[in-house]
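Each chain, letter by letter, is given below.
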Amino acid sequence: MDSFEEKIKGLVCQLKASISKDPRITDHTSPIVLAVTFTLPSKIQLWIDQLTSLQNDLFVIKQWKSEIRPNQEELLELCQGATGIICILTDSINEDFLTSVGRELKVVSTMSVGYDHIDVASCNRLGIKVGITPGVLTGSTADITLLLILGAIRRAKEGILAVSEGKWGPWNPTWMLGYEFVRKTIGIIGLGRIGIAVAARTIPLGISKILYTTRSSDIGSDVSDNLQQIKAACVAMDQLNNKMVHSALGNSSDTGLEVQKSSLETLLSESDIVVITCNLSDSTYHMINSSNIKLMKKSAVLVNSARGPIVDNNALAEALSSGTIFAAGLDVTQPEPIPANHSLTSHPNCFILPHLGSATQETRTKMAALALINCISGVLGIELAHSA
Ligand SMILES: O=CC(=O)O
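This structure is a prediction, so every number in the text was calculated from the model and none was measured. Here the residue index of a chain counts from 1 through its sequence in written order. Since the coordinates come from a predicted model, pLDDT governs what is reported: local features require at least 70, and pairs of side-chain atoms require 80 or more to be given and counted, while whole-chain, interface and lining totals use all residues. Hydrogen atoms and water are omitted, and side-chain values are computed over all heavy atoms in the structure.

Some thoughts on the UniProt feature "domain: D-isomer specific 2-hydroxyacid dehydrogenase NAD-binding" (unreviewed entry) in the chain
UniProt positions are given in the numbering used here, feature names are shortened, and annotations may be inferred rather than shown by experiment. Here the UniProt feature "domain: D-isomer specific 2-hydroxyacid dehydrogenase NAD-binding" (unreviewed entry) sits at residues 147-215 and 218-357. For helices the rule is a DSSP run of H or I covering at least 4 residues; for strands it is a run of E covering at least 2, with both sets numbered from the N terminus onward. Annotated as 38% helix and 14% strand, the span residues 147-215 places its first and last C-alpha atoms 26 Å apart.

This is the structure we're talking about:
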């Protein structure tokens, strides 16, 4: 965070110089307008407040402060004439919006790693930069994905419901059994930063094979080597801890980890845990549909921490009801929020969280810092730290 603070400090100094009324520094005639569509985490909001106090006829900050999200008309009103916009993933930054905002717009900086809510092709055509916040949310999103995997595979939702609904009877050896990870295969659809972090988190639980799809040619031997090393370290630790007793990782001589790129079909049919961590795009919309969900094992779980529309909800609801798959864990749905009376919401085998992937104090602060850095950089015409 310190390096982010330093970076923001430097950029704010440059911005201040640019909005100073000194004619030797100021070469722009229309004011710089920053539009911020939400209230940032407190540490970063302080920077926005500081900038707000500098407002003059060369610099204006407009910020949406209400808890209720703006509708499209209100969003446009807020952003009209903006030079830079800091937005979030629920703001629809489409072509109409971009052209209506006006010609001064230089940068749209979203506080998210996903950018399916922004028409990047139109931004490129109009010369508008698009800032995103990758990297800083990898760990927290991987953590919540692991929570979903565990919640689905160990029937957490059913267990919680049984307790709250008074259906917790006497201890029963065959009641509410799930599955474990030992010698299982995890399939990661879209093995990028988050996918790799998820895979790494499942290795200590006993996973022995990772299948993956990726847009790039493959993940590279360094990533694969790192995953192998995690496995070797976990097995060594397990052997040390369990010399005389049951080994948590199963057969202690089973030290290998297979890491293989595969087709979607092979991944779906061979994996015990299928995790979606890819981007939403035209080619991944409803990628998990009624025909390919049938390829999955009856005992398999499907986890989505990427974007809701990658999974066809109806197909998933049907697969859960018919026992085609064992359970699902979702941090994202289509739509969001998913209605409380939706068939997936009430499904006992569908463990749903309300898009909490990056929701930690630390991560959201870093994301906001990066979004601010990207926005000021774009306004000043400096290369963005991370662009779409
Ligand atoms: O979903 C969260 C993000 O894209 O940052």
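Some details on the layout of surface pockets
Put plainly, a pocket is an open set of points on a 1 Å grid over the protein atoms alone with protein on both sides within 12 Å along at least five of seven lines, a cavity is a set where a 1.4 Å probe fits but cannot get out, and a lining residue has an atom within 4 Å of a point. Grid points are joined across faces, edges and corners, and a volume is the space filled by probe spheres set on the points. In this structure, the second largest pocket spans a volume of roughly 220 Å³. Lining of the second largest pocket is provided by Leu-89, Thr-90, Asp-116, His-117, Leu-280, Arg-307, Pro-309, Thr-333, Gln-334, Pro-335, Glu-336 and His-355. Any residue that is not Ala, Val, Leu, Ile, Met, Phe, Trp, Tyr, Cys, Pro, Asp, Glu, Lys or Arg is counted as polar, Gly included; the first ten are nonpolar and the last four charged. Across the lining of the second largest pocket, the residue classes tally to four nonpolar, five polar and three charged. Here the limits of each domain have been adopted from an automatic or database domain assignment. Looking at the lining of the second largest pocket, you find at least three residues from each of domain 1 (2-135 + 361-380) and domain 2 (138-352).

A short note on the sheet that holds strand S2 (residues 59-63)
A pair of strands is treated as paired once DSSP finds two or more bridges between them. A sheet is described by the order of its strands in space; here five strands give the open sequence S2-S1-S3-S4-S5, paired in parallel fashion. The open sheet has two edge strands with one neighbour each: S2 and strand S5 (129-131). Between one strand and the next, the sheet's axes are offset by a mean angle of 15 degrees, whatever the strand orientation. As judged from the three bridges shared by strand S1 (residues 32-36) and strand S3 (residues 84-87), these two strands associate in the parallel manner. The partner of Val-36 across the bridge, within S3, is Ile-86. Contacts: residue pairs with any heavy atoms within 4.5 Å of one another. As a rule, the C-alpha atoms of each element are fitted with a line to give its axis, helices using only the stretch in contact, and angles between N-to-C directions run from 0 to 180 degrees. Running over the sheet, helix H2 (residues 42-52) touches S1 and S2 and is turned about 135 degrees from S2.

Topic: a nonpolar patch on the surface
Grouping into patches uses exposed residues only, defined as over 30% relative accessible area, and leaves out salt-bridged ones; the cut-off is 9 Å for like charges and 5 Å for nonpolar side chains (Val, Leu, Ile, Met, Phe, Trp, Tyr). All accessible areas in this document rest on Shrake-Rupley with a 1.4 Å probe, and a residue is counted as covered only by the protein chains that are shown. Salt bridge, as applied in this entry: a Lys or Arg side-chain nitrogen positioned within 4 Å of an Asp or Glu carboxyl oxygen. The grouping of Val-163, Trp-168 and Trp-175 at the surface amounts to a nonpolar patch, some 360 Å² of accessible area in total. You can see Val-163 is positioned in helix H7 (residues 156-164).

Some thoughts on the pairing of strand S11 (residues 327-330)
Note on exposure labels: buried denotes an accessible area under 20% of the residue type's maximum, exposed denotes more than 50%, and partly exposed covers the range between, all computed with a 1.4 Å probe on protein chains only. Side-chain alternation along S11 places Ala-327 and Gly-329 on one buried face and Ala-328 and Leu-330 on a second face that is also buried. As paired elements, strand S10 (residues 301-304) and S11 share four bridges and run parallel to each other. Considered in S11, the bridge of Leu-302 is made with Ala-328. Handedness of the S10-helix H12 (residues 313-321)-S11 crossover: right-handed. Assignment of crossover handedness uses the view with strands pointing away from the viewer, where a clockwise path from the first strand over the helix to the second indicates a right-handed crossover.

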